[in-house]
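Next come the chains, spelled out residue by residue.
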Amino acid sequence: MIETLHQVLTDSSIRTSQAVETKLIENSDVATPWFD
Amino acid sequence: MIVDFISMLDTYLEKGTLADKKREIEYLIDTSNKWTKVKPLDEVIVGLHLIYISTPDAIDGQILGILAKRLVESEVKVGGPYVSNKDLYTNILIANFLRSIGSPLEKLEKYISTRKYIPKTAVEQKVLISLLPKKTLIKNEKVGKKENTPSLIVKAEISKLDSKLQKIGFGFWNKILEVDTRNEVSLISSYVSNSIIKKASIKELWINEELGAANFCAWIAYTIYDDFIDGEGDPSKLSLANIMHRLSYELYRSLFILEKNIINAHFDSVDNSNFWELQNCRFKIHNGRINIGKVPEYNNGEFLAERAIGHILGPILIIKNRLTLNLEEDNKINHAFHQYLIARQINDDLKDWKDDLRKGHISYVLARLLKSININPGSVKIDTLMHDLEIEFWNQTFEKCINEIIARIHEAENIFSNSQYFKKNNQFILYILRPLKQNAESDLKEYLNSKDFLKYYSNN
C-alpha cells in the first residue's frame, strides 16, 4: 500500500480509481514469505 | 469535531506522558477520520505524524487513501511541492511524514533541500523540531543468521568434502542459515521435543540436535533437487545433493535403527510427490503462451503435506519414541503437523504464483486461481491470463488463501494445546505456528488496508 501511495503521488497517469486499483492489484504480493 | 493540534502538540512536547499522548490519539482516531478531510493540510500532516509516532499501525489504508487524494488535489507539480511553491513549512512537514512512513518523494526532498527555511513563529519551530524523523519504517528487516548445534554438525560434515565441493556446500549451508531466520529447519525437532510434557533424557536431547542436522542436510539436498525438478538444475551441484541426501538418511537411520519403515515411508512420500507433481502440475510454455491442460486436484491440500513430509520426520520419530499414543491421538497429532505443512506451503505459493505461472508450474494457489476463473483447456497468452488472474487474486483468492492458512494453523495449535501430552503454549506453538499465523494475519491486514486505500481515495 505504501508502494502504491508513492506511485500515485509520483505518476500522474495513476490518478483515476481504475488506475489506482490496477496498481494495487499489481502490488498485491505477499509481503512476508516464509521461505522456499 | 474540533481538534486543536497545536495544544495537542504542546501536551506531547511539554507535559504529556505516554499515557496522555496515547489517550489523546486514541480519541482522535475513535472520533473518525473526518478531520483529515476538512483540516488544513499542514494540521492534518502534524496530526498524522503524531499518530504515527504513537501508533504506527493506525496509519491505515483509510487514512492513506484520504491523504493521497488530498496531496494529489493540492500538488503544484507531480511529486511535490504541495499547496504552494512558497509554503516551505507545509512541504517540510509532508516530506518528513512521508519519509517516516517509508515513502519519501524525490522531488519534494529536492525542493526542501534547496531552500532555506526560517520558522515564522515559535509554534512552527516547535512543530518542526518535534517531528523531525525519529522513527523510520524499516521494511523487511533481516534477522542475522544464527549458527546452532545442528547447523554446526552439518558444517563439520561439509568440511570433510573435497575443497571444490566444500565451496558449493558452504554456499548452500549459508543460504539455508540465512533464510531459516526462525530456526525452523534446524530446531523443529528440539522445539517439538521441548513441547512434550514428558521430559527428555540427556541422550534424547542430543538426538534432537542430530535430527536437526538431518533435516538441515535434507533441505540442502532438496533445494538442489528442486532445481532439477524445475528443469533448471546445475549438474555441478548434484554430487553435493546426493551426499547431503545420503547423510540425512543415514543420520535418521542411525538414530532410530528400528524405525526403518517410517523413515523410508517419509522419504518415499517426498519422492512420490515430486513425481506426481511433475506428471500433473506442469503446463507447457511456448512463445509467451501457456498450454492449459487439466488443472491438478490437490486433494484439499493434503498433497502439499505429503511433499514436505520429510520436514517433520524428526518430530514424528521423537513422538513415536517418547510417547505411547493411541490411534486417535496419533492421527490427531499427524493431522496437526499436516495442517502446519499445508499452511506453510500455501504461504510460499501465494508469494510465488506469478513466477509459477510463467514457468507453467501449477501450484496449489495457481490451481485455485485457474479454477476460480473457470479456465478452459487450450493455449492462452500468459500476459492476458496473468491480468485475469491478478484481478481474481485481488478480489477473492488472496483473502481465501490467507484465511485458509490462518484456519489451518489455528487448528494445529488447538490440537497441540489440547493434547494431554503437550505443554500449553509450547515451543512448537510459540516459535513455529504463531509466527506463521502472525505473518498471514499481517498480510491480511495489508490487503484489507489496500482495499480501504482504494475506497477512501475514490470516495473522498
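Residues numbered from 1 in each chain as written. Chains lettered and ligands numbered in written order. Predicted model: local features only at pLDDT ≥ 70, side-chain atom pairs only at ≥ 80, totals over all residues.

**Some thoughts on the overall build of chain A**
1) Next: The secondary structure content of chain A amounts to 2 helices and 0 strands.
2) Next: The buried share of chain A, reckoned over its 36 residues, is 33%. (Helix = DSSP H or I, 4+ residues; strand = E, 2+ residues; numbered from the N terminus. Buried ≥ 20, exposed ≤ 12 C-beta atoms within 10 Å, placed from the backbone.)

**Remarks on the interface of chain A and chain B**
1) Next: Across the contact, 25 residues belong to chain A and 34 residues belong to chain B.
2) Next: Counting only elements with at least two residues in the side of chain A that touches chain B, the list comes to helix H1 (2-10) and helix H2 (17-26) of chain A.
3) Next: If you tally residues by element for the side of chain A that touches chain B, the top one is H1(A), at 7 residues.
4) Next: Tallied by class, residues from the side of chain A that touches chain B come to 13 nonpolar, 7 polar and 5 charged. (Contact = placed C-beta atoms within 7 Å. Nonpolar A, V, L, I, M, F, W, Y, C, P; charged D, E, K, R; others polar.)

**Regarding helix H11 (residues 184-195) of chain B**
Residues and elements named next belong to chain B.
1) Next: Along its 12 residues, H11 runs just 14 Å from first to last C-alpha, ending more than 12% under the 16 Å computed at 1.5 Å per residue.
2) Next: Burial of H11 is extensive: 11 of the 12 residues sit out of reach of the surface.
3) Next: Contacts from the buried residues of H11 go to helix H9 (149-159), helix H10 (163-179), helix H12 (202-229), helix H16 (313-322), helix H19 (382-418) and helix H20 (427-459). (Expected span 1.5 Å × (residues − 1).)

**Overview of the domain arrangement of chain B**
Residue and element names in this part refer to chain B.
1) Next: By domain assignment, chain B separates into domain 1 (5-140) and domain 2 (155-456).
2) Next: Here domain 1 and domain 2 have C-alpha centroids that lie 43 Å from each other.
3) Next: Across the contact, 6 residues belong to domain 1 and 9 residues belong to domain 2.
4) Next: Of the residues assigned to the side of domain 1 that touches domain 2, the class counts are 2 nonpolar, 3 polar and 1 charged. (Domains from an automatic or database assignment.)

**Some words on unusual backbone geometry**
All names here are of chain B.
1) Next: With an omega of 5 degrees, the peptide bond running from Gly 80 to Pro 81 counts as cis.
2) Next: Tracing the backbone through its elements, the reader meets Pro 81 in the loop between helix H5 (61-74) and helix H6 (88-100).
3) Next: For Val 83, which is not glycine, the phi torsion reads 70 degrees and is therefore positive.
4) Next: Along the chain, Val 83 turns up in the loop between H5 and H6.
5) Next: Val 83 gets classed as partly exposed once you count the C-beta atoms within 10 Å, which come to 18.
6) Next: Even without being glycine, Asn 183 reaches a positive phi, approximately 55 degrees.
7) Next: Its place among the elements puts Asn 183 in the loop between H10 and H11.

**Details of the nonpolar core**
1) Next: By size, the foremost hydrophobic cluster in this structure holds 85 residues, and its most contacted members are B:Cys217, B:Ile220, B:Ala221 and B:Leu341.
2) Next: No other element matches the 13 residues that H12(B) contributes to this core.
3) Next: Not counting the four nearest positions on each side in its chain, B:Leu341 is found in contact with B:Leu304, B:Ala305, B:Ala308, B:Ile309, B:His311 and B:Ile312.
4) Next: A:Val20, B:Leu50, B:Tyr52 and B:Tyr89 belong to the second-largest nonpolar core, a separate cluster that totals 39 residues. (Core = buried A, V, L, I, M, F, W, Y, C linked by C-beta atoms within 7 Å.)

**Thoughts on the packing of H11(B) against H12(B)**
When two helices pack together, their arrangement is given by the angle between their axes and by how far apart the axes lie.
Residues and elements named next belong to chain B.
1) Next: The geometry of H11 relative to H12 is characterised by a closest axis approach of 6 Å and an angle of 150 degrees between their N-to-C directions. The interaxial crossing formed by H11 with H12 has right-handed handedness. Judged by residue contacts, Val 185, Ser 186, Leu 187, Ile 188, Ser 189, Ser 190 and Ser 193 of H11 engage Glu 204, Asn 208, Leu 211, Gly 212, Asn 215, Phe 216 and Trp 219 from H12.
2) Next: Residues that form the contact of H11 with H12 fall into these classes: 6 nonpolar, 7 polar and 1 charged. (Axes fitted to C-alpha atoms, helices over the stretch in contact; angles between N-to-C directions. Left-handed = near helix turned anticlockwise from the far one by under 90°.)

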